[in-house]
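Structure assessment
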Amino acid sequence: MLIDSTLREGAQHFGLYLSMQGRKGIIQALDAACVEEIELGWVGQEGLEELLGWCARQGIKARLSIWSPCREMDVEQAAVLGVDRVNICVPSSEAHRRSRLGLSLSGLASLVGRIVSRARSAGLGYVSVGLEDVSRASMLEAVSLAQAAVQAGASRIRLSDTVGVLTPRKMEQMVACFRRAVRAELAVHCHNDFGMASANALAALEAGADYADVSVLGLGERAG
């Protein structure tokens with residue numbers, strides 16, 4: 001199954017501006033192509049309420065999700081918007097965890113559990129937790145974060161190769177590791193810094209991942 005992230009990841013592409021009309025056109029084309037989930041943007045993005053209202057009037061069949069930081073006020077805002085799914089971002093590597101959040105592993109696991117629980121109690125029935133920079137994280141530590149998220153009510157774990165360093169074989173091994181250890185749906189989010197995003201996404205799906213992120217024309221931040 002595919003998660004199209006053109007309106008979130010693609011919209012972060014340097015120099016790209018998507019008008020409201022352009023965003024609507026992309027959604028219509030994706031829905032006509034039977035894409036299962038469309039990530040409409042991020043919490044706080046201008047025009048999200050208008051876009052969601054338009055999707056409801058158009059009868060868009062795809063599941064609609066938005067990206068959110070791992071913060072209580074942001075997941076509450078996502079719940080108010082009435083999206084089908086929220087994708088919560090969690091820095092999973094030690095480098096990101098310590099430099100950006102200043103938290104220990106146990107501290108971050110506690111935060112993840114609290115935010116996922118808050119999202120569920122706010123009315124979000126499907127919570128996805130994205131492990132950012134997982135390709136540079138300790139697998140034991142990343143799995144423990146995923147397990148904390150699932151225990152709190154997360155439905156999906158999204159594995160992000162933020163720096164684009166995975167190869168198909170390493171991707172297969174990572175997906176197999178999470179498949180054994182985590183009772184939740186799995187998604188992968190591959191960056192294309194070294195031209196491996198498509199190969200890694202296919203390898204992940206063949207290894208048992210339930211979803212892979214894609215974008216129109218490979219649009220995305222940095223190299224796509």
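A brief structural summary. Remember, it's a predicted structure, so these values are computed and weren't measured experimentally. (Residues numbered from 1 in each chain as written. Predicted model: local features only at pLDDT ≥ 70, side-chain atom pairs only at ≥ 80, totals over all residues. Heavy atoms only, no water.)

Concerning the pattern of salt bridges
Close approach of charged atoms lets side chains of opposite charge pair. Under the criterion given, the structure shown has 17 salt bridges. R158 is the salt-bridge partner of E39, the closest N and O atoms lying 3.1 Å from each other. A residue pair is termed long-range when its members are at least 10 positions apart, and E39 in strand 2 (residues 37-42) and R158 in strand 6 (residues 156-161) qualify at 119 residues. Judged by relative accessible area, which is 4%, R158 ranks as buried. D74 serves as the salt-bridge partner of R71, at 2.7 Å between the closest nitrogen and oxygen. (Salt bridge = Lys/Arg side-chain N within 4 Å of Asp/Glu carboxyl O. Helix = DSSP H or I, 4+ residues; strand = E, 2+ residues; numbered from the N terminus. Buried < 20%, exposed > 50% of the residue type's maximum accessible area, 1.4 Å probe, protein only.)

Here's the deal with the packing of helix 3 (residues 72-81) against helix 5 (residues 105-121)
For the pair helix 3 and helix 5, the least separation of the axes is 9 Å and the interaxial angle reads 20°. Taken together, helix 3 and helix 5 sit at an angle that is classed as roughly parallel. When you trace helix 3 past helix 5, the crossing you get is right-handed. When helix 3 is examined against helix 5, the residues E72, V75 and E76 are found in contact with a partner set consisting of I115, R118 and A119. Residue classes in the contact of helix 3 with helix 5 are distributed as three nonpolar, no polar and three charged. (Axes fitted to C-alpha atoms, helices over the stretch in contact; angles between N-to-C directions. Parallel < 35°, antiparallel > 145°, perpendicular 65-115°, else oblique. Left-handed = near helix turned anticlockwise from the far one by under 90°. Contact = heavy atoms within 4.5 Å. Nonpolar A, V, L, I, M, F, W, Y, C, P; charged D, E, K, R; others polar.)

A look at the sheet that holds strand 6
Spatial ordering of the closed barrel is given by 1-2-3-4-5-6-7-8, a layout of eight strands whose pairing is parallel. Shown here is a sheet whose adjacent strand axes are inclined to one another by a mean of 30°, direction ignored. In this sheet, strand 8 (residues 211-214) lies alongside strand 1 (residues 2-4) in parallel orientation, the contact comprising three bridges. The partner of L2 across the bridge, within strand 8, is A212. This element, helix 4 (residues 94-101), spans strand 4 (85-91) and strand 5 (126-132) of the sheet and lies at about 90° to strand 4. Relative to strand 4, helix 5 is tilted by about 170°, and along the sheet it contacts strand 4 and strand 5. (Pairing = 2+ DSSP bridges.)

Some points on the nonpolar core
Across soluble globular proteins, nonpolar side chains have a tendency to be buried as a group. L40, L131, I157 and F178 are the most contacted members of the largest nonpolar core, which totals 64 residues. If one sorts the elements of this core by residue count, helix 5 sits on top with seven residues. In contact with L131, other than residues within four places in its own chain, are V90, S92, A142, L145, A146, I157, R158, L159, S160 and F178. (Core = buried A, V, L, I, M, F, W, Y, C linked by side-chain atoms within 4.5 Å.)

Points about the layout of surface pockets
By volume, the largest pocket amounts to about 390 Å³. W67, C89, V90, R100 and E132 are, among the 26 residues lining the largest pocket, the residues nearest its centre. Only strand 3 (63-69), strand 4, helix 4, helix 5, strand 5 and strand 6 provide two or more residues apiece to the lining of the largest pocket. Element by element, the count of residues in the lining of the largest pocket is highest for strand 4, at five residues. Of the residues in the lining of the largest pocket, the class split is eleven nonpolar, seven polar and eight charged. Approximately 330 Å³ is the volume found for the second largest pocket. Along its surface, the second largest pocket is lined by 19 residues, and C190, A197, D213, V214 and S215 are the ones closest to its centre. At five residues, helix 8 (residues 197-206) tops the list of elements feeding residues into the lining of the second largest pocket. (1 Å grid on protein atoms, 1.4 Å probe; cavity = no way out; pocket = protein on both sides within 12 Å on 5 of 7 lines; lining within 4 Å. Points joined across faces, edges and corners; volume = space filled by probe spheres on them.)

Here's the deal with the packing of helix 1 (residues 20-32) against helix 2 (residues 48-58)
A pair of packed helices can be characterised by two numbers: the angle between their axes and the separation between those axes. Viewed as axis vectors pointing N to C, helix 1 and helix 2 meet at an angle of 40°, and their least axial separation amounts to 11 Å. The angle between helix 1 and helix 2 places the two elements in the oblique class. Crossing handedness for the pair helix 1 and helix 2: right-handed. Along the contact surface, helix 1 presents M20, R23, K24, I27 and Q28, while helix 2 presents L48, E50, L51, W54, C55 and Q58. Looking at the contact of helix 1 with helix 2 residue by residue, the classes come out as six nonpolar, two polar and three charged.

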